[in-house]
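For reference, the chains in residue letters:
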Amino acid sequence: MILGVHNCTKSDYEKFWKPQNGTKGRFEQMKSSNDLLCLDRKDIFGSPVDLTIHGSEKYGVVREINIIYRPCIPSTHGDTCVIKDAHN
């Protein structure tokens, strides 16, 4: 499954946990520069995604998601950057 993402919106930020004092400045910086991405409720093919993430650990319930970021490698055609089909 390939999750869809979008730049986080004001509505998304309202659902975030309050950042700790030590990270608040960096969070505000990322927020103001539009650097944060939020997960979509549908995958890139339009199918609904169950975003319930859970597991078990010796010391209690653990919630995690592993994200592998692999940037696409564009082709060039003259001065134009052409991105190959992202679904492959």
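Before reading on, note that the structure itself is shown above.
The structure contained in this document is the topic of the report that follows. (Residues numbered from 1 in each chain as written. Predicted model: local features only at pLDDT ≥ 70, side-chain atom pairs only at ≥ 80, totals over all residues. Heavy atoms only, no water.)

1. Details of the overall build of the protein
Here is step 1: Helix and strand content of the protein: two helices and six strands.
Here is step 2: Within the protein, the proportion of its 88 residues that are buried is 10%.
Here is step 3: For the protein, restricting intrachain contacts to residue pairs at least 6 apart in sequence, the fraction spanning at least 24 positions comes to 51%.
Here is step 4: As presented, the protein carries roughly 8100 Å² of accessible surface, and 54% of it is formed by carbon and sulfur atoms. (Helix = DSSP H or I, 4+ residues; strand = E, 2+ residues; numbered from the N terminus. Buried < 20%, exposed > 50% of the residue type's maximum accessible area, 1.4 Å probe, protein only. Contact = heavy atoms within 4.5 Å. Areas by Shrake-Rupley, 256 points an atom, 1.4 Å probe, with all protein chains shown as cover.)

2. Some words on the packing of aromatic side chains
Here is step 1: Summed over all chains, the structure comprises three aromatic pairs.
Here is step 2: Between Tyr13 and Phe16, the ring centres sit 5.2 Å apart and the planes meet at 70°, which makes this aromatic pair edge-to-face.
Here is step 3: Judged by relative accessible area, Tyr13 falls into the buried class, the value being 13%.
Here is step 4: Both rings, one in Phe16 and one in Phe27, keep their centres 5.8 Å apart while their planes meet at 50°; by these two values the pair is tilted. Note that Phe16 is positioned in the loop between α1 (10-13) and α2 (21-32) and Phe27 in helix α2, a separation of 11 residues in sequence.
Here is step 5: Here a set of aromatic residues connected by ring pairs shows up, and it is made of Tyr13, Phe16 and Phe27. (Phe/Tyr/Trp six-rings, centres within 6.5 Å; stacked < 30°, edge-to-face > 60°.)

3. Overview of the state of the cysteines
Here is step 1: With the rule as written, the count across this model stands at one disulfide.
Here is step 2: Between the sulfur of Cys8 and that of Cys38 lies a disulfide, 2.1 Å long from S to S. Between Cys8 and Cys38 the sulfur-sulfur dihedral comes to about 110°; the bridge is accordingly right-handed. Placement of Cys8 in the loop between β1 (3-7) and α1 and of Cys38 in strand β2 (residues 37-43) is noted, with a sequence separation of 30 residues between them. (Disulfide = S-S within 2.5 Å.)

4. A word on the side chain of Asp43
Here is step 1: The topology assignment puts Asp43 in strand β2.
Here is step 2: Salt bridges are absent for the buried Asp43, whose nearest opposite-charge side chain, Lys42, sits at 8.8 Å. (Lys, Arg positive; Asp, Glu negative; His and termini not counted. Salt bridge = Lys/Arg side-chain N within 4 Å of Asp/Glu carboxyl O.)

5. Let's talk about the side chain of Asp12
Here is step 1: Structurally, the position occupied by Asp12 is in helix α1.
Here is step 2: No salt bridge is formed by the buried Asp12; its nearest oppositely charged neighbour, Lys15, is found at 4.7 Å.
Here is step 3: Within the structure, Asp12 has its side chain in polar contact with the side chain of His6 (distance 2.8 Å). (Polar contact = N/O pair within 3.5 Å; in protein donor to acceptor, adjacent residues only side chain to side chain.)

6. Thoughts on the environment of Lys31
Here is step 1: Take Lys31: it is sitting in helix α2.
Here is step 2: Residue class for Lys31 comes out partly exposed when judged on its relative accessible area of 31%.
Here is step 3: For the pair formed by Lys31 and Cys8, sequence separation is 23 residues and the distance between their alpha carbons is 8.2 Å.
Here is step 4: What Lys31 contacts, discounting residues up to four positions off in sequence, is Tyr13 and Leu36.

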